[in-house]
Amino acid sequence: MLRSATRSIGLAARALPKRTFAHSAIARNAFPASLHTFTEEELMLKESVSRFAQEVVKPQVAKMDETEHMDPSVIKGLFEQGLMGIETESVYDGSECSFTSAIIVIEELAKVDPSVSVLCDVQNTLVGTLVRKYGNEDIKKRYLTKLATTSVGSFCLSEAGSGSDAFALQTRAVDNGDHYILNGSKMWITNSGEADVFLVFANVDPSKGYKGITCFIVDKDMGVQIAKKESKLGIRASSTCVLNFDDIKVPKENILGEVGKGYKYAIEILNEGRIGIAAQMIGLAQGAYDIALPYLFQRKQFNTNIGDFQGMQHQYAQIAVEIEAARLLTYNAARLKEEGKSFIKEAAMAKLYASQIAEKAASKAIEWCGGVGFTRELGVEKFYRDAKIGAIYEGTSNIQLQTIAKLISAEYK
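So, here's what we can say about the structure. Small disclaimer: the values here were computed from a predicted structure and weren't measured. (Residues numbered from 1 in each chain as written. Predicted model: local features only at pLDDT ≥ 70, side-chain atom pairs only at ≥ 80, totals over all residues. Heavy atoms only, no water.)

Focus on helix α2 (residues 40-57)
Here is step 1: Compared with an ideal rise of 1.5 Å per residue, which puts 18 residues at 26 Å, α2 spans 25 Å between its outermost C-alpha atoms and is within 8% of the ideal.
Here is step 2: Every buried residue of α2 is accounted for by E42, M44, L45, S48, V49, F52, A53 and V57. Along the long axis of α2, the arc covered by the buried residues comes to 165 degrees, so they all point the same way. When the buried face of α2 is taken as reference, the exposed residues oriented beyond 90 degrees from it are E40, E47 and E55.
Here is step 3: Residues of α2 that are buried in the fold lie against α3 (61-67), α4 (72-80), α5 (99-110) and α6 (114-134). (Helix = DSSP H or I, 4+ residues; strand = E, 2+ residues; numbered from the N terminus. Expected span 1.5 Å × (residues − 1). Buried < 20%, exposed > 50% of the residue type's maximum accessible area, 1.4 Å probe, protein only. Arc of directions from axis to C-beta. Contact = heavy atoms within 4.5 Å.)

So, the nonpolar core
The nonpolar side chains of a soluble globular protein tend to be buried with one another.
Here is step 1: One finds L109, L130, F155, L182, F201, V218 and W368 to be the most contacted residues of the largest nonpolar core, which totals 118 residues.
Here is step 2: Ranked by the residues each element gives to this core, the list is headed by helix α8 (residues 262-296), at 19 residues.
Here is step 3: In this structure, W368 is in contact with Y289, A292, L293, Y295, L296, I306, M312, Q315, Y316 and I319, ignoring residues within four places of it in sequence. (Core = buried A, V, L, I, M, F, W, Y, C linked by side-chain atoms within 4.5 Å.)

As for the pairing of strand β3 (residues 179-190)
Here is step 1: Of the pairings in the sheet, the one linking strand β2 (residues 172-175) to β3 comprises four bridges and is antiparallel in character. Bridged to V174 within β3 is I181.
Here is step 2: Adjacent in sequence and paired antiparallel, β2 and β3 are bridged by three residues, among which G177 carries a positive phi angle near 80 degrees. (Pairing = 2+ DSSP bridges.)

As for the packing of α6 against α8
Here is step 1: Two elements in contact, α6 and α8, have axes whose closest approach is 10 Å; the angle formed by their N-to-C orientations is 155 degrees. With respect to α8, the axis of α6 lies roughly antiparallel. For the pair α6 and α8, the sense of crossing is right-handed. Contacts from P114, S117, V118, D121, T125, L126, T129, L130, K133 and Y134 in α6 reach K264, Y265, E268, I269, L270, E272, G273, G276, I277, Q280 and L284 in α8. (Axes fitted to C-alpha atoms, helices over the stretch in contact; angles between N-to-C directions. Parallel < 35°, antiparallel > 145°, perpendicular 65-115°, else oblique. Left-handed = near helix turned anticlockwise from the far one by under 90°.)

Focus: empty space enclosed by the protein
Here is step 1: Tallying each qualifying case throughout the model produces two cavities of 30 Å³ or more.
Here is step 2: Here the second largest cavity defines a volume of roughly 30 Å³.
Here is step 3: Along its surface, the second largest cavity is lined by M84, G85, I86, E87, T88, Q123, N124, G128 and R132.
Here is step 4: Class assignment of the residues belonging to the lining of the second largest cavity gives a composition of two nonpolar, five polar and two charged. (1 Å grid on protein atoms, 1.4 Å probe; cavity = no way out; pocket = protein on both sides within 12 Å on 5 of 7 lines; lining within 4 Å. Points joined across faces, edges and corners; volume = space filled by probe spheres on them. Nonpolar A, V, L, I, M, F, W, Y, C, P; charged D, E, K, R; others polar.)

By themselves, these observations are geometric and do not establish any function.
As structure tokens, this is what we get:
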């Protein structure tokens with residue numbers, strides 16, 4: 001789907017060239033375009049991913065939710081369609097597309113299954129981006145190709161005592177000649193059940209505080225232990241595990257970037273990642289909405305479609321407005337990021353609002369469908385369960401509010 005001209009596409013009719021802002025619809029016109037203005041390639045991508053989600057993902061959704069296990073055929077399909085290395089350069093077998101392209105993919109997948117969406121999101125906006133931005137040529141050659149074509153990656157920052165206070169982490173890496181000895185554990189780690197590559201944040205010098213934090217690339221076969229897989233309320237097919245690292249030898253050539261700069265990398269990448277979570281949440285909201293609305297015009301009470309009652313009309317009109325507002329916040333943040341402009345406040349706003357609207361939209365969708373909405377027959381209740389995580393991971397809602405307030409206050413002081 002997204003492979004460069006040197007690779008076949010799969011669902012798309014032709015290879016998708018890299019989207020750069022200079023070739024966007026905005027740049028081609030002498031006047032500003034709307035946030036709904038996409039390039040031809042982006043529109044092709046949106047259509048192709050939507051088709052993949054409907055044809056490949058949707059038949060597996062209920063089973064994956066029940067078994068709390070991501071079907072290997074879905075992961076294989078994501079790789080085959082080029083959706084696991086969206087921004088990665090074609091020289092590393094990536095699709096060499098834009099950040100906005102990644103956001104489109106995340107949203108479209110979430111309309112069908114937010115669990116699949118977050119797997120793709122973490123692979124692209126966190127793991128792949130970190131390796132691309134901070135890896136040297138040796139690391140890029142060893143890891144970017146496998147991350148784009150065969151290997152799931154995992155971002156390992158959170159611990160039992162370091163959630164929102166991420167830099168209170170206790171995992172240690174001790175210098176031992178040509179390698180480091182890694183000891184510690186991580187919690188709440190997305191993709192860890194399927195991952196072969198782990199980006200692990202550990203402190204090499206606790207006396208320096210957060211300035212000792214360093215990012216290591218750890219292969220699963222180095223000795224990563226999956227200690228426990230969490231059983232969750234929502235996004236159940238997405239693995240969330242506790243990881244243990246016991247005297248793991250990590251070669252020094254597997255340090256990502258510079259020693260002591262891990263805290264900086266984590267902050268930067270999570271700012272980008274929040275736009276990805278916002279995209280997941282608006283896709284989720286739209287997915288629930290798209291299930292509920294047809295039902296409103298099929299179900300009759302008092303010889304009238306329930307969707308034609310004014311009280312109901314006002315409700316679904318309001319939710320439509322709020323989903324659209326969340327989408328505009330999200331794509332605005334994505335385009336600011338692409339343009340190289342400040343986007344931290346906008347990313348926090350998008351993530352905060354989109355997570356709120358996802359929960360609200362999914363809840364309303366259940367109410368609109370009545371008793372059948374409360375059952376698993378329509379599938380709308382799954383979106384409600386999946387929505388709750390949006391206010392928690394990659395920065396809680398309170399952390400987003402704090403970030404927004406800090407940046408606003410700086411403008412007025």
